[in-house]
Number of protein chains: 2
Amino acid sequence: MNGAITDDTGMDPATLERFADLVVGFAANVQPDQIVAIGAEPGKEPLARALAASAYRAGAKFVDVAYFDLAVKRARLQHAAEDTLDFVPSWYGERMLELGRQHCARIGLTGPAMPGVLDDLDPARTGRDQLPSLKEGAKVVNDRTTNWTAVPCPTPAWAKLVHPDLPEDEAYAKLVEQILHVCRLDEDDPIAAWKERLDKLTEVRETLNARKLDAVRFAGPGTDLTVGLLPSSKWLSAGDFTTIDGIVHMPNLPSEEVFSCPDPKRTDGVVRSTKPLVVGGSIIRGLEVEFRDGRAVRIDAEDGAEVLRGYAARDAGASRLGEVALVDRDGRIGPLDTVFFDTLLDENAASHIAIGQAYAFTAGDEDRERINSSAIHIDFMIGGPGVDTFAIDRDGNESPLLVDGVWRL
Amino acid sequence: MNGAITDDTGMDPATLERFADLVVGFAANVQPDQIVAIGAEPGKEPLARALAASAYRAGAKFVDVAYFDLAVKRARLQHAAEDTLDFVPSWYGERMLELGRQHCARIGLTGPAMPGVLDDLDPARTGRDQLPSLKEGAKVVNDRTTNWTAVPCPTPAWAKLVHPDLPEDEAYAKLVEQILHVCRLDEDDPIAAWKERLDKLTEVRETLNARKLDAVRFAGPGTDLTVGLLPSSKWLSAGDFTTIDGIVHMPNLPSEEVFSCPDPKRTDGVVRSTKPLVVGGSIIRGLEVEFRDGRAVRIDAEDGAEVLRGYAARDAGASRLGEVALVDRDGRIGPLDTVFFDTLLDENAASHIAIGQAYAFTAGDEDRERINSSAIHIDFMIGGPGVDTFAIDRDGNESPLLVDGVWRL
């Protein structure tokens, strides 16, 4: 039907409500009287609305859904003057800072909303417009003033990208089923299932922290990369997030990773991305990055290299690492052997690194000045079958850490 | 197709671009380097995107499209605590004020986006949530810092409401055709057609201003209402709008009215609305309002009275008049004999009055303290066949002013 907004979420109403309640009540952990900001794109209305209803049922004071339209971004990249492409209206950042000042809840809906919408554009221009990402986002995360989460929102357009060989209806049904599975919504008690998984991740990161590693090394086809850590670097999982008001939240749903803070000056070697990544609407495939003394000195890719080069040129920290994360094979995403073209899901399928801003809480206060600082934070996947991870201790001894996805703790 | 966002605007691409260019280049008169704010709802993406592209082609620095989701408003009205329903996050008003401070262009897309979405809800609750209307909007209009316009955006959902007896495709085609007609887009040179019409309206308002009326009286079935004017009240048309920077713009496209500033203390009598009105997603039908000494002392309606009572109770000025407007039968909307359920179109079909905030520029500086002040501004239609308008001069003499839609100047 022309112009109709679908109410079809690919889920029956009870499942949709259960999904929304898990996101609102557990992952974001919305509190009575909180303002809740939801970030989505046109096409994600059904889940955004279900989340809004769930938040209001939970006592939210207001739900502010902001839809970012990638087709408008496309129009900008096509027609606007080059020197305006990195301009961001003042009220975008102000809103983000207010969400922090007013201790709001934040929910972001991931999944490519309009796959391919920027693909035919000049990647050098595309790399200059980094919306909807905002530099103020990192501050708000690091201030720990908001309880927040990012969750995948299945759409038919996304399903076509992930399962191109299936008829559209089946592709959508399969994506929905996979998302419910990885979110543990196919369990009788999803919250209990998540608590069990987070307990396991807590155990892993406690062991890693006790070993006080100096670096980790990734080795596999096309990859030999050593990522140095800071003396105070801490390993964390999604089970470790609490706001300064004491609100426990799970920043990613799903989450299967333990992650830490690299030393921005001590990453060396070459790394080949094991999955495509979607950045600001562009898909980057076959990425290869070479690091020297912590800095990405070469960025190549089969598609979209210039987009990532644009991001990496944003500021001094944009070409250095802000995160290193390890994912074992007990997670639910890796075994699906599916490329989701969505960082939230793909990064939790495999070990990954991120260029740009570090999470302040992944290092001790004594190293607060040494962690990487940038207006960007872009994860890319470097782990997977054939890529093993090694621990390097402070005496320089190297030992297996994660082999075939199994911990050697 | 499930979840698909239509690109079907009911227009061929060339017509859509011509429409967008008329709105951007003539009505809003977007200037190079301006930020352009577009207000729309989900379902209006195709025109919003065409406007964005047109604005960028015209040299806009940034186009900020804000989609307000009435289904989220519905969830709020269903579930949120009553005493939170008039809460508005600080950044909503701040954004509006920044649009003024930064001398931006503003384009609003009218037309009911989700007809009936709030109809089954408690109207007393509905009247408390007045979004997407913002009290800061009146200040920005009165400061004349932004060049702005409101234009109708046809959608299939709206077409069904306006032409319920036609098959959906035909209803949509008919609404699109009507909108192109009333916007003069069926003329070879729409801008020339508008200039001709605006010249005529200028002639009318010059004569009205020269007559220095004390009041106007509306008389017809169920209506006998006298609206007093201030000593300095000025009649204006859409051809009279210039920002403080000298940017000429047309605040409504289409516009057929001349309008002025009532004395908020001198409206008396009873008025029956001649068309339904849509306020914040609710439809109010069969409205009858009684005024005494300028104040609406009784608001009745067949449907939705409580919604309007909620608005009228918002503040001291919300039950007094801020505008009186006269529409002759040379306009293009009246002859269509169609109820559009959209104030922009319906108010330009017939004479109307508005409760709430007055436009500061419709009175002289000496009466600046006397004009009506409120957080709301709601037009309702009181003219039409059988309703005539009379002029009352400062000696109390009454004479015909607009009879059967023809001026008696």
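Residues numbered from 1 in each chain as written. Chains lettered and ligands numbered in written order. Predicted model: local features only at pLDDT ≥ 70, side-chain atom pairs only at ≥ 80, totals over all residues. Heavy atoms only, no water.

A. How the structure looks around the overall build of chain A. Secondary structure assignment for chain A yields 11 helices and 19 strands. Whereas a compact globule of 409 residues would reach a radius of gyration of roughly 22 Å, chain A reaches 20 Å, a difference of no more than 12%. Once the C-alpha set of chain A is aligned to its principal axes, its extents read approximately 65 × 50 × 45 Å. Counting across all 409 residues of chain A, residues that qualify as buried make up 62%. Contacts in chain A between residues at least 24 apart in sequence constitute 77% of all its contacts with a sequence separation of at least 6. Accessible surface computed for chain A: about 15,100 Å², of which carbon and sulfur atoms make up 47%. The average position of the 44 basic charges and that of the 67 acidic charges among the side chains of chain A differ by 4 Å. (Helix = DSSP H or I, 4+ residues; strand = E, 2+ residues; numbered from the N terminus. Rg over C-alpha atoms; globule rule 2.2 N^0.38 Å. Buried < 20%, exposed > 50% of the residue type's maximum accessible area, 1.4 Å probe, protein only. Contact = heavy atoms within 4.5 Å. Areas by Shrake-Rupley, 256 points an atom, 1.4 Å probe, with all protein chains shown as cover. Lys, Arg positive; Asp, Glu negative; His and termini not counted. Charge placed at Lys NZ, Arg CZ, Asp CG, Glu CD.)

B. The arrangement of the interface of chain B and chain A in detail. Listed as interface residues are 46 residues of chain B and, on the opposing side, 46 residues of chain A. Applying the counting criterion to the chain B and chain A interface returns two salt bridges. Residue Arg49(A) pairs with Asp69(B) through a salt bridge whose shortest N-O separation is 2.8 Å. Our count for the contact surface shared by chain B and chain A stands at 10 residue pairs in polar contact (both at pLDDT 80 or more). At the level of secondary structure, the elements contributing two or more residues to the side of chain B that touches chain A comprise helix 2 (45–57), strand 2 (62–67), helix 3 (70–79), helix 4 (90–101) and helix 8 (168–182) of chain B. (Salt bridge = Lys/Arg side-chain N within 4 Å of Asp/Glu carboxyl O. Polar contact = N/O pair within 3.5 Å; in protein donor to acceptor, adjacent residues only side chain to side chain.)

C. Structural detail: the packing of helix 1 (residues 13–27) of chain B against helix 9 (residues 190–211) of chain B. All names here are of chain B. It is at 11 Å that the axes of helix 1 and helix 9 come closest, and there the two elements cross at 50 degrees. Between helix 1 and helix 9, the interaxial angle falls into the category oblique. For the pair helix 1 and helix 9, the sense of crossing is right-handed. In this structure, helix 1 uses Arg18, Leu22 and Phe26 to contact helix 9, whose residues at the interface are Pro190, Ile191, Trp194, Lys195 and Leu198. When grouped by side-chain class, the residues that make up the contact of helix 1 with helix 9 number six nonpolar, no polar and two charged. (Axes fitted to C-alpha atoms, helices over the stretch in contact; angles between N-to-C directions. Parallel < 35°, antiparallel > 145°, perpendicular 65-115°, else oblique. Left-handed = near helix turned anticlockwise from the far one by under 90°. Nonpolar A, V, L, I, M, F, W, Y, C, P; charged D, E, K, R; others polar.)

D. Structural view of helix 2 of chain B. Residue and element names in this part refer to chain B. Taking 1.5 Å as the rise per residue, helix 2 with 13 residues should run 18 Å; its terminal C-alpha atoms sit 18 Å apart, in good agreement. Taken residue by residue, helix 2 has Glu45, Pro46, Leu47, Ala48, Arg49, Ala50, Leu51, Ala52, Ala53, Ser54, Ala55 and Tyr56 as its buried positions. A positive backbone phi angle near 100 degrees is found at Gly59, which sits one or two residues after helix 2. (Expected span 1.5 Å × (residues − 1).)

E. Structural detail: the relation of the copies chain B and chain A. Superposing chain B onto chain A requires a rotation of 180 degrees together with a translation of 0.0 Å along the rotation axis, leaving an RMSD of 0.0 Å. Here the transformation between the copies is reduced to the relation of a two-fold axis. Across chain B, the rotation axis passes nearest the C-alpha of Tyr67(B), at a separation of 3.1 Å. Mapped onto chain A, 100% of the interface residues of chain B are again interface residues, and the two copies thus contact each other with one and the same surface. (Least-squares fit on C-alpha atoms with pLDDT ≥ 70 in both.)

F. Examining the pairing of strand 5 (residues 215–220) of chain A more closely. Residue and element names in this part refer to chain A. In terms of burial, strand 5 is largely enclosed, as five of its six residues are buried. For strand 5 and strand 6 (residues 223–229), the ladder comprises six bridges, and the chain directions are antiparallel. Note that in strand 6 the partner of Ala219 across the bridge is Asp224. Adjacent in sequence and paired antiparallel, strand 5 and strand 6 are bridged by two residues, among which Gly222 carries a positive phi angle near 75 degrees. Pairing analysis gives five bridges linking strand 5 to strand 17 (residues 388–392), with the strands arranged antiparallel. Pairing of Val216 across the sheet is with Ala391, part of strand 17. (Pairing = 2+ DSSP bridges.)

G. Fine view of the packing of aromatic side chains. On inspection of all chains with the given rule, the structure shows 14 aromatic pairs over all chains. Arranged with centres 6.5 Å apart and planes meeting at 85 degrees, the rings of Trp148(A) and Phe241(A) form a pair that is edge-to-face. Placement of Trp148(A) in strand 4 (residues 147–152) and of Phe241(A) in the loop between strand 7 (236–237) and strand 8 (257–260) is noted, with a sequence separation of 93 residues between them. Residue Trp148(A) shares its accessibility class with Phe241(A), and that shared class is buried. Note on Tyr359(B) and Phe361(B): the rings are 5.6 Å apart at their centroids and 15 degrees apart in plane angle, and the pair reads as stacked. For the pair Tyr359(B) and Phe361(B), a shared accessibility class is recorded, and that class is buried. One aromatic cluster in this structure is built from Trp148(A), Phe241(A), Phe259(A), Tyr359(A) and Phe361(A). (Phe/Tyr/Trp six-rings, centres within 6.5 Å; stacked < 30°, edge-to-face > 60°.)

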